[in-house]
Amino acid sequence: MNLEGKLHTFPKALKLLIGTFLIVLSVGYFTGLTFVGETTSNSAKGIQENYLGNENDENAEVMKFKKSEREMLTIVHTHILSMSVIFFFSGRVGLFN
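Note that the coordinates shown come from a computational prediction; the quantities given were computed from them, not determined experimentally.

Peer 1: How would you explain the environment of Ser 68 if you had to name every residue and give the values?
Peer 2: Along the chain, the position of Ser 68 falls in the loop between α2 (44-52) and α3 (69-95). Given a relative accessible area of 35%, Ser 68 falls into the partly exposed group. On a C-alpha basis, the gap between Ser 68 and Gly 32 in space is 22 Å, while along the polypeptide they are 36 residues apart.

As structure tokens, this is what we get:
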């Protein structure tokens with residue numbers, strides 16, 4: 001298969017693969033944003049409570065506990081790895097134009 005760097009010259013199967021990848025990537029990204037909105041109310045206080053906990057707030061609707069350093073490193077590690085893969089593949093698709 002000779003890829004000249006132009007998306008319109010790619011075989012139909014490859015175009016379908018790239019399109020499906022971008023759709024699934026978009027669904028995953030916006031699902032992640034929805035999750036952040038649900039868990040933090042899209043506010044600075046909500047984000048702070050999500051990571052530092054709210055054990056001292058007796059009126060809290062949902063009890064949240066402070067995340068340990070190990071939990072934070074796991075979150076950062078998985079996000080950096082997955083975002084690097086996402087940027088690599090998205091960049092690779094962009095290079096075809």
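The rest of the description comes next.
Peer 1: Can you break down the pattern of salt bridges residue by residue, with the values?
Peer 2: Enumeration over the complete set of coordinates arrives at one salt bridge. The salt bridge partner of Glu 49 is Lys 45, with a shortest N-O separation of 3.7 Å. Highlighted residues: Glu 49 and Lys 45, both in helix α2, separated by four residues, approximately one helical turn. Note on Lys 45: relative accessible area 55%, which makes it exposed.

Peer 1: A description of unusual backbone geometry should follow, citing residues and the corresponding values.
Peer 2: Positioned with a positive phi, Ser 41 is a non-glycine residue whose angle comes to about 60 degrees. With respect to the helices, strands and loops of the structure, Ser 41 is situated in the loop between α1 (12-40) and α2. Even without being glycine, Asn 42 reaches a positive phi, approximately 50 degrees. Position of Asn 42 relative to the elements: it lies in the loop between α1 and α2. On the basis of relative accessibility, which here comes to 62%, the residue Asn 42 falls in the exposed class.

Peer 1: Which residues make up the environment of Phe 89, and what values do they have?
Peer 2: With respect to the secondary-structure elements, Phe 89 resides in helix α3. Under the relative-accessibility criterion, Phe 89 is labelled partly exposed at 40%. Sequence spacing of Phe 89 and Phe 21 is 68 residues, and the spatial spacing of their C-alpha atoms is 9.0 Å.

Peer 1: If you had to explain the environment of Leu 7 to someone new, which residues and values would you point to?
Peer 2: By the secondary structure assignment, Leu 7 is in the segment before α1. In this structure Leu 7 comes out as partly exposed when scored by relative accessible area, which is 26%. The spatial distance from the C-alpha of Leu 7 to the C-alpha of Ile 18 is 9.6 Å, given a sequence separation of eleven residues.

Thresholds applied
Residues numbered from 1 in each chain as written. Predicted model: local features only at pLDDT ≥ 70, side-chain atom pairs only at ≥ 80, totals over all residues. Heavy atoms only, no water. Helix = DSSP H or I, 4+ residues; strand = E, 2+ residues; numbered from the N terminus. Buried < 20%, exposed > 50% of the residue type's maximum accessible area, 1.4 Å probe, protein only. Salt bridge = Lys/Arg side-chain N within 4 Å of Asp/Glu carboxyl O.

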